[in-house]
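# A structural walkthrough
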Amino acid sequence: MRTVLAATTSLLLALGIASASHAGPRSEQILERFENANQWRDHVMVVAHRGGGLEAGKTLYPENSIASLRGVIALGAEMVEIDIRRSKDGELIVMHDSWLDRTTDCKGEVIARTLDELRHCRLVVEGTGAVTGEPVPTLREMLEAAKGKILVNLDNKLETADLVDMVALAREMGMEEQVVVKANLWNAERVAAVKATMARVGQGFQFMPIMADDAVRDPAFVAAAGKAFAADAVEMITWRGNAEKMTETGGPLFTAKVRAASIRGNWHIWVDTHAIVNKPGGFLSGGRGDELAVAAGFPNEVFGFWAERGATMIQTDEPKAAINWLAANGYRVPYAEIDESVASAVGHAASELRELPTN
């Protein structure tokens, strides 16, 4: 195992730290790139899926944990995706599954336990089963750890109406601009329904449409939906389904017309290369996913393929591999300076790697 010093050095290099100068909250630099897609078409932003706890197929941190969040901040990712559910007493907590069995040392449904009961459940490192000292985190705790350092994408495992409470919490913490919420859109009626809910949320936050090519194939609808929400990004899903071959074009959501619509609307094209449990590799990206990029060793066929088709945001389980390859191949523009609070995340991440159980 590499030493903590070597790990720290690697993280510093990934961040591109050249000096100890103070540049203010790094989230402001990221937000500027997020809100101005047309000015940053030569830079591909990296989104860490479920907290981004993987490296070369090995789980370093529990998913959706504060430890994993600190790790991806230290790597230099622009956004972290986390999953939101409620406890029995209505508290917003961070957990992907509706059951506790896979990711904690507890059993049973999340909704059957109060927050106090959930706080006694400890997160585990998937694959090794090692139990950590970290309890199930609340949304508030995750936002506190992210404040000023990274954007946060909330994957809502509840009803669309629950977004109101999520954004209200971010607003209370002065973080509404750092938070990106999203919903699937497939027709005009759905757009109207989601728009009505977003009106209840208020102003000052980021909303991102999600579109999948099994339901959306018309570039005009993509353009209209992006305009309806003044979106800064649109998440595009290219279903692999039962196809044995990888997509060669990216499908109907990665045509020249859609790319032109993104330029007219000044929004990012977002692609998901992360894995889906018990599904073929690249299930959301036409077969061109993390498994091909990292496990099989063909990153150009994944990160390069999608970047060349206009994607400027990649959500991945392998943020380190994505950042390193994109930077080495001219798809990353370094951040000039970094906030010293982000630099401190390097120390946190190195310390937590050392303290995690090894068996």
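Up top is the structure.
This report concerns the structure included in the present document. (Residues numbered from 1 in each chain as written. Predicted model: local features only at pLDDT ≥ 70, side-chain atom pairs only at ≥ 80, totals over all residues. Heavy atoms only, no water.)

The topology assignment puts Asp-42 in the loop between α2 (26-35) and β1 (45-48). For the pair formed by Asp-42 and Val-333, sequence separation is 291 residues and the distance between their alpha carbons is 7.4 Å. Apart from residues lying up to four places away in sequence, Asp-42 is in contact with Gly-330, Tyr-331, Arg-332 and Val-333. (Helix = DSSP H or I, 4+ residues; strand = E, 2+ residues; numbered from the N terminus. Contact = heavy atoms within 4.5 Å.)

With that settled, the discussion passes to a negative patch on the surface. Taken together, the side chains of Glu-28, Glu-32, Glu-35 and Glu-177 make up a negatively charged region of the molecular surface. Relative to the helices and strands, Glu-35 resides in helix α2. (Patch = residues over 30% accessible without salt bridge, like charges linked within 9 Å, V, L, I, M, F, W, Y side chains within 5 Å. Areas by Shrake-Rupley, 256 points an atom, 1.4 Å probe, with all protein chains shown as cover. Salt bridge = Lys/Arg side-chain N within 4 Å of Asp/Glu carboxyl O. Lys, Arg positive; Asp, Glu negative; His and termini not counted. Charge placed at Lys NZ, Arg CZ, Asp CG, Glu CD.)

Across all of its chains, the model carries one disulfide by this definition. The disulfide partner of Cys-106 is Cys-121, and the gap between their sulfur atoms is 2.2 Å. An S-S torsion of about -105° defines the bridge between Cys-106 and Cys-121 as left-handed. With a gap of 15 residues between them, Cys-106 in the loop between β5 (92-94) and α4 (115-118) and Cys-121 in the loop between α4 and β6 (122-125) connect regions that are remote in the sequence. The burial state of Cys-106 is the same as that of Cys-121; both residues are buried. (Disulfide = S-S within 2.5 Å. Buried < 20%, exposed > 50% of the residue type's maximum accessible area, 1.4 Å probe, protein only.)

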